[in-house]
Amino acid sequence: MANKVVVLFSGQGAQKVGMGKDLIEAFPSAKALFDKADAALGRTLSSVMFEGPAEELMRTGNCQPALYLHGLACLEVLKEKLPELEIVTAAGLSLGEFTAHAAANTFSFEDGLKIVEQRGAFMEEACTSTEGAMAAMIGGDEEAVKTLAADSDVDVANFNAIGQIVVSGSVDGVDKAVAGAKERGIRMAKKLKVAGAYHSRLMQSAQDKLAPVLASADISMPSVPVYSNYNATAVADTAEIRETLEKQVTGSVRWTESMQAAIAAGNTTFIELGPGKVLAGLMGRIDKNVKVYSIDDVASLEAVVAELS
């Protein structure tokens, strides 16, 4: 079996009602983690995850800790089923970077969960106080998208994959970018259904509020390399961890470069832990030569275990 793997964790937008329910029914270890989360937060996050409604789960203050919890529950049961599996690197898209750090023991499960809940609340507040939007630019040259964003006075939020870049900022600015995309050689521009302008200057208030939370957090060097969205490199020290987790709130998510760096380090097998197969799909556009598995429920877990055993 391929026993050395990189674990990848989902970002906001991947959440779905019912996530994790079959895991806790099948694995006591997963249920224990969900119970620990509810106790740490002092509320039943699990009921929002299992029962919804979807609008409540979609709230930034709920979906971020929900994805964090679900990703780590998937990891817990994967390690239980395949104890010989060696996790050699971790990474996550946006919010998923926090989950990756928890997986690598940068901070405890409970501490990370509380940080993520606060991050989500701060970002939800920023969304409420600003009128922001985001749009995906598909099939365009990177430099063309950067120029379009600058001319439209918006920011580049995500370099998700080759030919898939997201811009973020004011509604007027994003509308201008969408309208001007085709003349810049961009095949398709599509506004996204999001609550605000994530990874843009409109999230500055959230970043400012998160900074002291990270400064006071008990943070250690991760047990395996963790790739930063902000720098697209493995973090080198605890100061860099605090800085990159803070700055990625308004900074670009350099996912393409991060995955290219992880592959260049010799990694060939990746496991996505979280709802859907978003990261697996992105990897298909980044490098078709690596193997990517996805786990988000009992059925997908059993399928991956069977293939890796």
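As the structure is a prediction and not an experimental result, all values here were calculated from the model.

Trainee: Which residues make up the sheet that holds strand S7 (residues 269–273), and what are the values?
Mentor: An order of S2-S1-S7-S8 is seen for the four strands of this open sheet, with the pairing classed as parallel. For this open sheet the edge positions go to strand S2 (86–92) and strand S8 (291–295), each flanked by a neighbour on one side alone. Within the sheet, the average angular offset between the axes of one strand and its neighbour, ignoring direction, is 25°. Here strand S1 (residues 4–9) runs beside S7; their pairing, made up of four bridges, is parallel. By the bridge assignment for S7, Phe9 is matched with Leu273.

Trainee: Quick one: what's the story with the nonpolar core, residue by residue and with numbers?
Mentor: Ranked by size, the top nonpolar core spans 74 residues in total, and within it Met49, Ile271 and Leu273 carry the most contacts. Considering each element in turn, this core owes the most residues, 10 residues, to helix H5 (residues 60–81). Core analysis: the second largest hydrophobic core is formed by 17 residues, Leu93, Ala161, Ile263 and Phe270 among them.

Trainee: Run through the sheet that holds strand S6 (residues 188–191), naming residues and quoting values.
Mentor: Ordered in space as S4-S5-S3-S6, the four strands form an open sheet in which the pairing is antiparallel. At either margin of the open sheet sits one strand with a lone partner, and together these are strand S4 (155–161) and S6. Between one strand axis and the next, the sheet turns through 25° on average, direction left out of account. Looking at chain direction, strand S3 (residues 132–138) and strand S5 (residues 164–170) are connected through seven bridges and run antiparallel. Of the residues in S5, the one forming a bridge with Gly132 is Ser170. Along the sheet, helix H8 (residues 142–151) contacts S3, S4 and S5; its crossing angle with S4, the most-contacted strand, is approximately 160°.

Trainee: Could you give an account of the packing of helix H7 (residues 109–129) against helix H10 (residues 204–216), with specific residues and numbers?
Mentor: Two numbers describe how H7 lies on H10: the axes approach to 8 Å, and their chain directions differ by 160°. Taken together, the axes of H7 and H10 are roughly antiparallel relative to one another. Handedness of the H7/H10 crossing: right-handed. Between H7 and H10, the residues in contact are Ile115, Gln118, Arg119, Phe122, Met123, Glu125 and Ala126 and Ser205, Ala206, Lys209, Leu210, Val213 and Leu214, respectively. Looking at the contact of H7 with H10, its residues break down into eight nonpolar, two polar and three charged.

Trainee: Describe the pattern of salt bridges, naming the residues involved and giving the relevant values.
Mentor: Evaluated as defined, the whole model comprises 18 salt bridges. One salt bridge in this structure joins Glu117 and Arg43, with 2.8 Å as the shortest N-O distance. Of this pair, Glu117 sits in helix H7 while Arg43 is found in the loop between helix H2 (28–41) and helix H3 (45–51), placing the two residues 74 residues apart along the sequence. Between Glu125 and Lys209 there is a salt bridge, and its shortest N-O distance comes to 2.7 Å. Of this pair, Glu125 sits in helix H7 while Lys209 is found in helix H10, placing the two residues 84 residues apart along the sequence. The class for Glu125 is partly exposed, based on a relative accessible area of 40%. On the basis of relative accessible area, Lys209 is assigned to the partly exposed category, the value being 36%. The network of salt bridges with common partners includes Glu56, Arg59 and Glu124.

Trainee: Which residues make up H2, and what values do they have?
Mentor: Across its 14 residues, H2 extends 20 Å between first and last C-alpha, which sits within 8% of the 20 Å expected from 1.5 Å per residue. For H2, the full list of buried residues reads Ser29, Ala30, Leu33, Phe34, Ala37, Asp38 and Leu41. Turning to H2, the residues buried within the fold contact helix H1 (21–26), H3, H5 and H7. Directly beyond the C-terminal end of H2, a positive phi value near 70° is found at Gly42.

Conventions used here
- Residues numbered from 1 in each chain as written.
- Predicted model: local features only at pLDDT ≥ 70, side-chain atom pairs only at ≥ 80, totals over all residues.
- Heavy atoms only, no water.
- Pairing = 2+ DSSP bridges.
- Helix = DSSP H or I, 4+ residues; strand = E, 2+ residues; numbered from the N terminus.
- Axes fitted to C-alpha atoms, helices over the stretch in contact; angles between N-to-C directions.
- Core = buried A, V, L, I, M, F, W, Y, C linked by side-chain atoms within 4.5 Å.
- Buried < 20%, exposed > 50% of the residue type's maximum accessible area, 1.4 Å probe, protein only.
- Contact = heavy atoms within 4.5 Å.
- Parallel < 35°, antiparallel > 145°, perpendicular 65-115°, else oblique.
- Left-handed = near helix turned anticlockwise from the far one by under 90°.
- Nonpolar A, V, L, I, M, F, W, Y, C, P; charged D, E, K, R; others polar.
- Salt bridge = Lys/Arg side-chain N within 4 Å of Asp/Glu carboxyl O.
- Expected span 1.5 Å × (residues − 1).

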